[in-house]
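A structural walkthrough
Residue-level listing of the chains:
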Amino acid sequence: MSSRQIVTSGDMPKRRKPRPTAAPRGAPKKNNPQPAAAAHGEAQRRDPRLDFDKLSDSVGLTMREAADILGLSAETLKSWRHAGVGPEVVKYGRAVRITVGALRKLIAGHKAS
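The sections below set out a description of the structure shown in this document. (Residues numbered from 1 in each chain as written. Predicted model: local features only at pLDDT ≥ 70, side-chain atom pairs only at ≥ 80, totals over all residues. Heavy atoms only, no water.)

1. Thoughts on the side chain of Thr-99
We apply this condition: Only runs of H or I of at least four residues qualify as helices and only runs of E of at least two qualify as strands under DSSP, and these elements are numbered from the N terminus. Pairs of residues are marked as contacts when any of their non-hydrogen atoms sit within 4.5 Å.
Within the secondary structure, Thr-99 sits in strand 3 (residues 95-99). Once residues within four sequence positions are removed from consideration, Thr-99 is found in contact with Asp-57, Ser-58, Val-59, Gly-60, Glu-88 and Val-90.

2. Examining the packing of helix 2 (residues 63-70) against helix 3 (residues 74-83)
Put simply, the test is: Only C-alpha atoms enter the line fits that serve as axes; for helices the fit covers just the stretch in contact. Angles between N-to-C directions range over 0 to 180 degrees. Between 65 and 115 degrees an angle is taken as roughly perpendicular, under 35 as roughly parallel, over 145 as roughly antiparallel, and anywhere else as oblique. Classification convention: Asp, Glu, Lys, Arg as charged; Ala, Val, Leu, Ile, Met, Phe, Trp, Tyr, Cys, Pro as nonpolar; all other residues, Gly among them, as polar.
Axis separation between helix 2 and helix 3 bottoms out at 8 Å; the angle between their running directions is 105°. The angle between helix 2 and helix 3 falls in the class roughly perpendicular. Counted together, Met-63, Arg-64, Ala-66, Ala-67 and Leu-70 of helix 2 and Ala-74, Leu-77, Lys-78 and Arg-81 of helix 3 form the full contact between these two elements. Class assignment for the residues of the contact of helix 2 with helix 3 results in 6 nonpolar, no polar and 3 charged.

3. A look at the sheet that holds strand 3
Defined as follows: Two strands make a pair as long as DSSP finds a minimum of two bridges between them.
Spatially, the 3 strands line up as an open sheet ordered 1-3-2, and their pairing is antiparallel. The outermost strands of the open sheet, each flanked by one partner alone, are strand 1 (60-61) and strand 2 (89-92). Sheet analysis places strand 1 next to strand 3, joined by 2 bridges and oriented antiparallel. Bridged to Gly-60 within strand 3 is Thr-99.

4. Overview of helix 2
To keep things clear, this is the line we draw: Partly exposed describes any residue whose relative accessible area lies between the buried limit of under 20% and the exposed limit of over 50%, with all areas from a 1.4 Å probe on protein chains only and scaled to the type maximum.
Turning to helix 2, its buried residues are Met-63, Glu-65, Ala-66, Ala-67 and Ile-69. Backbone geometry just downstream of helix 2 places Gly-71 in the positive-phi region, at approximately 75°.

5. So, the nonpolar core
Note the following rule: What is meant by a nonpolar core is a set of buried Ala, Val, Leu, Ile, Met, Phe, Trp, Tyr and Cys residues, joined one to another through side-chain atoms within 4.5 Å.
Leu-61, Leu-77, Ile-98 and Leu-103 are the most contacted members of the largest nonpolar core, which totals 13 residues. Secondary structure elements with two or more residues in this core: helix 2, strand 3 and helix 4 (100-112). Contact partners of Leu-103, with chain neighbours within four places excluded, come to Phe-52, Leu-61, Ala-66, Ile-69, Leu-70, Pro-87 and Ile-98.

6. Observations regarding the pairing of strand 2
Two strands pair when backbone bridges link them, and strand 2 and strand 3 are joined in this way by 4 bridges, in the antiparallel orientation. Across the sheet, the residue bridging to Val-89 is Ile-98, located in strand 3. Counting the residues in the hairpin turn of strand 2 and strand 3 gives 2 residues, including Gly-93, whose phi is positive at 70°.

7. Things to note about the pattern of salt bridges
Our working rule: By definition, a salt bridge exists where a carboxyl oxygen of Asp or Glu is found within 4 Å of a side-chain nitrogen of Lys or Arg.
Going through the model one piece at a time under the given rule, you end up with 2 salt bridges. One salt bridge in this structure joins Asp-57 and Arg-104, with 2.4 Å as the shortest N-O distance. You can see Asp-57 sitting in the loop between helix 1 (36-39) and strand 1 and its partner Arg-104 sitting in helix 4, a full 47 residues away along the chain. Classification of Asp-57 as partly exposed rests on a relative accessible area of 43%. A relative accessible area of 25% places Arg-104 in the partly exposed class. The closest approach of N and O atoms between Glu-75 and Lys-78, which form a salt bridge, is 3.6 Å. On the criterion of helical spacing, the pair formed by Glu-75 and Lys-78 is a turn pair, its members being 3 residues apart in helix 3.

See below:
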C-alpha cells in the first residue's frame, strides 16, 4: 500500500477571486462627475499673478502662490525661510503664509539694488 492520499475536488481549497486593483492617484473616480483637477482643488486655487496689484498688504499667500508671483519654486522660498532670508512669514498654527506686503517689500528691495 502506498502512503499517498487521493485528493478529490471536494477536498481542494477554494480559489479566492482576485481583488480589484485601485485606480492610480489623481485618476477620476468612475461615479464622480467632476474632472480630476477640480476633485483635487487645482481648479479652485486662484492665480495670484492676476490680482497681485489689487490685493491688500495684509492678505496671506501660500508658499506656492508667493513662489508663482516671484517666478521661483516653493522649495526655494522654503530654503530661504530656513536660512533667514527672503520675505517675512506669518504662521497660523501650522500654516505658513507670506503677506502681500512682505512680497512687495522684497520686490522693491530687489529693484532698487
